[in-house]
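The primary structure of each chain is shown beneath.
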Amino acid sequence: MLAGKRILLIIGGGIAAYKALELIRRLRERGASVSPVLTRAAEEFVTPLSVAALAGANVHRDLFDLTAEAEMGHIQLSRAADLVVVAPATADLMARMAGGLANDLASTLLMATDKRVLIAPAMNVRMWTHPATQRNRAVLEGDGILFVGPNDGDMACGEHGPGRMAEPPEIVAAIEAALGAAAGPLAGRHVLVTSGPTHEPIDPVRYIANRSSGAQGTALAAALRDLGAGVTFVTGPASVPAPQGVTVVRVETAREMLAAVEAALPADAAIFAAAVADWRVANAADRKLKKDGTGTPPALSFAENPDILATISQREAGRPRLVVGFAAETDDVIAHAAAKRARKGCDWIVANDVSPATGIMGGSENAVTLLTAAGAETWPRMAKDRVARRLAERIAEALA
Ligand SMILES: Cc1cc2nc3c(=O)[nH]c(=O)nc-3n(C[C@H](O)[C@H](O)[C@H](O)COP(=O)(O)O)c2cc1C
C-alpha cells in the first residue's frame, strides 16, 4: 500500500526518537521512501548516521544548508513528500507548530508544506496533560493536523499515563490511513455524521441521557475519513474520544444537534448515528432543584424534541443525496425500522437490536440489518469498526 509513497519524516528530540529508527525500517519494507529530518535536539538521541543508513537517504539537519538553499531547498523538501510525519513530536515542536514558528528546519518545513501532516506526540505524562500542551493539541487538531497516539503506559522517566509515543506499527497504520484518504473513493465528498447521546437538562446540574457510547458513530466517521471523505462529526457527550482528522462539533441537546447539523450542510451524505432524546424536559429549571422537606418530588413535564432525521430527510432544498438513519430497537426490530424508514423519508436505515441481552449499546460489537429501497440485508454480528467499514464502502458505492 505504501509502494512509491514519499514520507518526509521529522524526528524530534525525545527519548522515543529511537523508535523512529524502527518506523523507518517498517516504512521502507512497505515500499515507501523516507526523507529524514532531525531536529538539533534529536541528534542527542539518535545519530544522523543511523538514520541515514536505515533510510538509505541523506539526513536533513540545517535550514541554512547553502547548497540546497540556493534552490530554496526547504520549500522543495516540504512539497516533494506525499505526507509529512513527525515522530516523535515533542511538546516544544507541537508548541512551535501551534504558534506558527519557523525557527529551525523542522518547523519551517511544517509551515511551508502543502501536504497533510501526521504527528506522533511523545512526552512525559505531566508535559502531555499540561494545559499549554492540551491547548496546542486543540489548535493543531483545528488546523487539520492528524494525530496518532499518544498511548497510555509506562514511560522512560518511570511515570505512568498518557504520553508514550504510539508504536511503529500503529504509526504505519495511521500513515496508510492518511495516504488512503488522499486518494480514496470518497475524496472530495463531504459527509456529515452525528454520534453519541444527547443530554437534556432537568436543571443546571442534572440531565436526562441514554446509554449510547458514541462508538458506532465514531467508527463510522473514521471509516468515511479513511475512504477520503471530508467528515463533519457532530457529537453529543460521548464516552469514546472523537476520531482524528475530522471536523468535530460538540453539542449537548437535541436542539443544539439539529442546529449544528443544519449549519454543516451542504453534504453529499448525512448519517444519523446519534441516539437523540425524543423528549426534553419542558419545565427545566434555571436553578438547581431542591428538596422542599415535604417528600414531594418535582413534577417533570416533557416536550417532544425536533426530529433531526425527518427534518433533514424531508428538506426540499439542500437535502443530502444520501440520508441514512439508525434505528435502535428492543423488539420487532426490522418491522419498526422499516416503518421508521417510510415515516421519516430517509434513504437507508441501519437497524439494530439494543435490548440488554445483546450487549450492543455501549459494547464493541454490533449486529445490523441494512434497510434500503431494495429490501433488507442482515449482516453477521461483528466489531463496530468492521460494521463501519462495510457501511462506509456502501456509502462510497452509492455516491459514486
Ligand atoms: C533526556 C531528555 C529526554 C527528553 N525527552 C523528551 C520527550 O520525550 N518529549 C519532549 O517533548 N521533550 C523531551 N525532552 C526535551 C526536549 O529535548 C527539548 O524540549 C527540545 O528543545 C526539543 O527540541 P525539538 O522539538 O526541536 O526536537 C527531553 C530532554 C532530555 C534532556
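Look a little higher up for the structure.
Nothing here was measured: the structure is a model prediction, and the numbers come from that model.

Student: What should I look at first to understand the overall build of the protein in this one?
Tutor: Across its full length, the protein holds 14 helices and 21 strands. If one aligns the C-alpha atoms of the protein with their principal axes, the spans along those axes are about 75 × 60 × 40 Å. The contacts of the protein with a sequence gap of at least 6 include a subset with a gap of at least 24, amounting to 69%.

Student: Looking at this structure, how should I read the sheet that holds strand β11 (residues 230–235)?
Tutor: Pairing between the strands of a sheet is mediated by backbone hydrogen bonds and can be parallel or antiparallel. With mixed pairing, eight strands are arranged side by side in an open sheet as β12-β11-β8-β13-β16-β17-β19-β20. A single partner strand is all that each edge strand has here, and the edge strands are β12 (247–250) and β20 (375–378). Here the strands of the sheet are splayed against their neighbours by 15° on average, with no regard to which way each runs. The pairing of strand β8 (residues 190–195) with β11 spans six bridges and is classified as parallel. Looking at the pairing, His190 lines up with Gly230 of β11. Helix α11 (residues 254–264) contacts β8, β11 and β12 of the sheet and is inclined by roughly 165° relative to β11. Along the sheet, helix α13 (residues 333–344) contacts β16 (322–329), β17 (348–353), β19 (368–372) and β20; its crossing angle with β16, the most-contacted strand, is approximately 145°.

Student: Looking at this structure, how should I read unusual backbone geometry?
Tutor: Negative phi characterises most residues that are not glycine, and trans characterises most peptide bonds. Each neighbour pair has its own omega, and for Ala87 with Pro88 the value is -5°, a cis peptide bond. Position of Pro88 among the secondary structure elements: in strand β3 (residues 83–89). Here the residue pair Gly149 and Pro150 is connected by a cis peptide bond, since its omega of 5° sits within 30 degrees of zero. A positive phi angle is found at Asp332, which is not glycine, with a value near 45°. Following the sequence through the fold, Asp332 ends up in the loop between β16 and α13.

Student: Any chance you could explain the site of the ligand here in plain terms?
Tutor: Near the ligand you find 15 residues, and of these Gly13, Gly14, Thr39, Ala41 and Thr90 are the closest. Considering each element in turn, the shell around the ligand owes the most residues, three residues, to helix α5 (residues 91–99). Of the residues that constitute the shell around the ligand, the class distribution is nine nonpolar, five polar and one charged.

Student: Teacher, can you tell me more about the pairing of β3 here?
Tutor: On a regular strand, each side chain points to the face opposite its neighbour's, so the side chains alternate between the two faces of the sheet. Burial of β3 is extensive: seven of the seven residues sit out of reach of the surface. Burial of β3 is two-sided: the residues Leu83, Val85, Ala87 and Ala89 facing one way and the residues Val84, Val86 and Pro88 facing the other way are all buried. Judged from the four bridges that link them, strand β1 (residues 6–11) and β3 form a sheet pairing that is parallel. Along β3, the bridge assignment pairs Leu9 with Val85.

Student: Hey, could you run me through the sheet that holds strand β2 (residues 33–38) in this one?
Tutor: One open sheet accounts for five strands, arranged β2-β1-β3-β4-β5; its pairing is parallel. The open sheet is flanked by β2 and β5 (146–147), the only strands paired with a single partner. Along the sheet, helix α1 (residues 17–29) makes contact with β1, β2 and β3, crossing β1 at roughly 175°.

Student: Is there a simple way to think about the pairing of β16 in this case?
Tutor: Among the eight residues that make up β16, six are buried, leaving the element largely enclosed by the rest of the structure. Where strand β13 (residues 269–272) meets β16, four bridges bridge the pair, whose relative direction is parallel. Note that in β16 the partner of Ala269 across the bridge is Leu322. Of the strand pairs in this sheet, β16 and β17 are connected by six bridges, and their pairing is parallel. When the bridges of β17 are listed, Gly325 appears paired with Ile349. Taking the sense of rotation as the criterion, the β-α-β connection linking β16, α13 and β17 turns out right-handed.

Student: What am I meant to see in the packing of α1 against helix α2 (residues 48–55) here?
Tutor: In a packed pair of helices, the relevant descriptors are the angle between the two axes and the axis-to-axis distance. Taken N-terminus to C-terminus, the directions of α1 and α2 make an angle of 15°; their axes are 9 Å apart at the nearest point. The pairing of α1 with α2 is recorded here as roughly parallel in orientation. Relative to α2, α1 is oriented so that their crossing is right-handed. Within the contact between the two elements, α1 uses Leu21, Ile24 and Arg25 and α2 uses Ser50, Val51, Leu54 and Ala55. Within the contact of α1 with α2, the residues separate by chemical class into five nonpolar, one polar and one charged.

Quick notes on the rules
- Sequence order as written defines the numbering, with residues in each chain counted from 1.
- Where local features are concerned, this predicted model is filtered to residues with pLDDT of at least 70; where side-chain atom pairs are given and counted, the filter is 80 or more; whole-chain, interface and lining totals use all residues.
- Only DSSP runs of H or I reaching four residues or more are called helices, and only runs of E reaching two or more are called strands; each is numbered from the N terminus.
- Two residues qualify as a contact pair if the distance between their C-beta atoms, derived from the backbone, is within 7 Å.
- Strands pair, by our definition, only if DSSP identifies at least two bridges between them.
- Angular values range over 0 to 180 degrees, each being the angle between N-to-C directions of two axes fitted as lines to C-alpha atoms, with helices fitted over their stretch in contact.
- Nearness here is judged by the C-beta atom: place it from the backbone, and if it falls within 6 Å of a molecule or strand, the residue counts as near that partner.
- Gly falls in the polar group here, along with every residue not listed as nonpolar (Ala, Val, Leu, Ile, Met, Phe, Trp, Tyr, Cys, Pro) or charged (Asp, Glu, Lys, Arg).
- Think of it as a crowd count around each C-beta: if 20 or more other C-beta atoms lie within 10 Å the residue is buried, if 12 or fewer it is exposed, and in between it is partly exposed, with C-beta placed from the backbone throughout.
- Note on handedness: a crossover is taken as right-handed if, strands pointing away from the viewer, the path from the first strand over the helix to the second is clockwise.
- Our angle categories are set so that under 35 degrees counts as roughly parallel, over 145 as roughly antiparallel, 65 to 115 as roughly perpendicular, and the remainder as oblique.
- Crossing handedness is read from the near helix: turned anticlockwise from the far helix by less than a right angle, it gives a left-handed crossing, and turned clockwise, a right-handed one.

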